[in-house]
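The primary structure of each chain is shown beneath.
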Amino acid sequence: MESIFAIGSMLGTLKSGALAVVFAVGGKSLRKPSPLPTHNPKLPFVAGKPNGWEGNLLKDNRYHNPEYPFAISFKDVRKWKKAGSPYAKFKKTDTTRLPVVSKEEMAWITQDSCDGIAYLGHATFFIRLGGYSILTDPVFGNASYVVKRFADFPLDPNHLLNLDLLLVSHDHRDHMDQQSLKLVGKNNPKMQVATGLKNGHLIHGFTKLGHAQITEMGWYQQWELEGGRVKVTYLPTRHWCRRWITDTNKRLWGAFVIEIDGKVIYFGGDSGYGKHYAEVAKLFPRIDYAILGIGAYQPEWFMENNHSSPAKALQSALDMGASMMIPMHYGVFDLSDEPVCEPIERLEKDFSQVTGNGVNGISNVSENVTTAGLISEESENQATVVRRSIRVIIPRLGENLLKAHRVL
Ligand SMILES: [Zn+2]
C-alpha cells in the first residue's frame, strides 16, 4: 500500500504545486553541494526592508521561511486522502465554467498601442502600461499530464508578441510551464525575465533566452528597468518550491511588486495568509492593484499554509491597503477539493458579508465589478476603528480591465 500511495503521491507532485505530496527521499550526493545564493549581488534591497536582512535564509541548504516553515507532513497527506472530498460527487457533474470575452473584444491584446490588464487564466496575466508589456506565470495549455484545463486559454498564445518582461513567481508546474515558456521565449527573443533565486537555469533551458536576460531575485530585492521607469521588487510569500522529488525548496518562491509610471501592481504568486501582507503596506504605501490567488484552498486545514481562501485573500488585500483586488488562481485547474469555480462564487459571497447586507457588496454583477465596500478593522493598541475601502474586480478571461472598469 505504501508504494501504491507513493506513486499516487508522485502523480500528485506532477499534478500541481498545491497537491505536491512526494517527500524528499534523501538523495545524498557524494560531493557537498555549494551553498545556495541568498541574494543577487547585482541588485539593491528595497528601502524599508526588515532590520538586519542581508538575504534569504537557508536551512540544510534549502530556502527557508522561519515564520512559515515548510510544513506538509506525510501524516497530513494521508489524513486528507483518507477523509475523501465532500465535493467529489458534485464535481463529476459540475459544468460551471469561466466566462470568456469574444475574439473581437480581445483584439486589443495584439494592438501594441492599447494599454490594458487581462486575466488569461490561473496565474497568467497580460499587463501593458505606457506601452510596456508584461506577462506573468504563463501556462497556455495543461499544467501537466494529469492537470487538464477547465477553461481554454482565451487567445492564440502566438499573438503574445513584443513582450518586454516576463515574471515567473516560482517553480510549480501550474506557474512555470515548460511548453509555454518555450513558445513565449521563441516569440519574444528580446524579452527580459524576473524570477526567484535559482529558477534562472530552468527558465533559460525552457525559453532559450540568454542568461543575461534572466534576472534572479532574492526577497526584498529590486530591479530597475527602462532607466528606472519600471521597477520590479520580489517579496516573501508563504509557500514553497518543488518540481521533482528531492528538490524541495532548492529554488525560491515569491511575489512581485511592479511599478510603472507611478502605478503599483502587486502580483501575489501563490501564498497562504500571513503577516507579509501588512508588511507590503509599509514598503509600498500605495498599491493600486492586488492580484491575489483565491483557489486551491480546500480542505483549509491542509491547504491554508500554502494557498488562501477567498476570504483570506480579501483580508490580504485589505492588509496591504490596496485600492483594488483582482482575484486569480481559480476556474482553470482542479488542484484541490473545491470545484474550480467555487472560489469566485465564494469571493462574491464573502465580500458581500464583510461589507454588510449587500449595500456595499457586489451590487453590479452584470458588469462583473463590485462597488466600493467599507471594511472595519481595529488598530492594534487603540480602540479606534480604521476604515478602509476596497474594490474587487471580477474579470472575464481576456477582458481589458482598464477599458472595462476605468481603473488606474
Ligand atoms: Zn505553487
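Residues numbered from 1 in each chain as written. Predicted model: local features only at pLDDT ≥ 70, side-chain atom pairs only at ≥ 80, totals over all residues.

### Considering the overall build of the chain
If you tally the helices and strands in the chain, you get 11 helices and 16 strands. Considering only residue pairs separated by 6 or more positions, the chain has 66% of its internal contacts joining residues 24 or more positions apart. (Helix = DSSP H or I, 4+ residues; strand = E, 2+ residues; numbered from the N terminus. Contact = placed C-beta atoms within 7 Å.)

### Some thoughts on the sheet that holds strand β5 (residues 132-136)
Taken together, the 6 strands give an open sheet; going across it, the order is β3-β4-β5-β6-β7-β8, and neighbouring strands pair in mixed fashion. Two strands lie at the open edges of the sheet, namely β3 (116-121) and β8 (214-217), each paired on one side alone. Across the sheet, the axes of successive neighbouring strands diverge by a mean angle of 15°, strand direction being ignored. As paired elements, strand β6 (residues 165-168) and strand β7 (residues 192-196) share 4 bridges and run parallel to each other. By the bridge assignment for β7, L165 is matched with Q192. Contacts between helix α6 (residues 200-207) and the sheet are confined to β6, β7 and β8, with β8 contributing the most and set at about 155° to the helix. (Pairing = 2+ DSSP bridges. Axes fitted to C-alpha atoms, helices over the stretch in contact; angles between N-to-C directions.)

### Focus: the pairing of strand β9 (residues 221-225)
In the case of a regular strand, side chains alternate between the two sheet surfaces. Both β9 and strand β10 (residues 230-235) contribute to a ladder of 5 bridges, which runs antiparallel. Within the sheet, the bridge partner assigned to E224 lies in β10 and is K231. Taking the residues that link successive antiparallel strands as the turn, the β9-β10 hairpin has 4 residues, and the phi of E226 there is positive, at about 55°.

### Examining the nonpolar core
Counting residues in each nonpolar core, the largest one holds 99 residues, and the members touching the most others are Y266, A290, I291, A317, A322 and M325. Discounting chain neighbours no more than four positions away, the residues touching M325 are A290, L292, L314, A317, I390 and V392. (Core = buried A, V, L, I, M, F, W, Y, C linked by C-beta atoms within 7 Å. Buried ≥ 20, exposed ≤ 12 C-beta atoms within 10 Å, placed from the backbone.)

### Thoughts on the packing of helix α7 (residues 276-283) against helix α9 (residues 310-320)
Taken N-terminus to C-terminus, the directions of α7 and α9 make an angle of 30°; their axes are 7 Å apart at the nearest point. Judged by the inter-axis angle, α7 sits roughly parallel to α9. Here α7 and α9 pass one another in a crossing that is right-handed. Listed contacts from α9 to Y277, A278, V280 and A281 of α7 are S316, D319 and M320. Residue composition of the contact of α7 with α9, grouped by class: 5 nonpolar, 1 polar and 1 charged. (Parallel < 35°, antiparallel > 145°, perpendicular 65-115°, else oblique. Left-handed = near helix turned anticlockwise from the far one by under 90°. Nonpolar A, V, L, I, M, F, W, Y, C, P; charged D, E, K, R; others polar.)

### Brief notes about the confidence of the model for the chain
With 82% of its residues at a pLDDT of 70 or more, the chain shows a mean pLDDT of 83. Within the model, the stretch residues 1-28 combines pLDDT values under 50 with 48 contacts to residues more than four positions away or in other chains. Taken together, the stretch residues 356-387 has pLDDT below 50 and engages in 51 contacts with residues farther than four places along the chain or on a different chain. (pLDDT = per-residue confidence, 0-100.)

### Some words on the packing of helix α5 (residues 178-187) against α6
Direction vectors running N to C along α5 and α6 enclose 65°, while the axes themselves pass 7 Å from each other. Judged by residue contacts, Q178, L181, K182, V184 and G185 of α5 engage I203, F206 and T207 from α6. In terms of residue class, the contact of α5 with α6 is made up of 4 nonpolar, 3 polar and 1 charged.

### Notes on unusual backbone geometry
Note the cis peptide between Q298 and P299, where omega equals -5°. Of note, P299 is situated in the loop between β13 (289-293) and α8 (300-303). With a phi close to 50°, D261 is a non-glycine residue in the positive phi region. Positionally, D261 belongs in the loop between β11 (255-260) and β12 (263-267). A tally of 11 C-beta atoms within 10 Å means that D261 is categorised as exposed. The phi torsion at A296 lies on the positive side, around 65°, for a residue other than glycine. Within the secondary structure, A296 sits in the loop between β13 and α8. Residue class for A296 comes out buried when judged on the 26 C-beta atoms lying within 10 Å of it.

### Here we look at α9
Counted residue by residue, α9 has 9 buried out of 11 residues, so it is predominantly covered. All of the buried residues in α9 are P310, K312, A313, L314, S316, A317, L318, D319 and M320. With its phi angle positive at about 70°, G321 sits one or two positions after the end of α9.

### Quick notes on the pairing of strand β14 (residues 324-328)
Of all 5 residues in β14, 5 are buried; the element is thus mostly enclosed. Side-chain alternation along β14 places M324, I326 and M328 on one buried face and M325 and P327 on a second face that is also buried. Of the pairings in the sheet, the one linking β13 to β14 comprises 5 bridges and is parallel in character. Residue pairing across strands places Y289 opposite M324, the latter belonging to β14.

### Let's talk about the environment of V100
Among the secondary structure elements, V100 is positioned in the loop between α3 (88-93) and α4 (103-106). Expressed as a C-alpha distance, the spacing of V100 and L120, which sit 20 residues apart in the sequence, is 9.2 Å. In this structure V100 touches P154, R396, L397 and G398, once residues within four positions along its chain are discounted.

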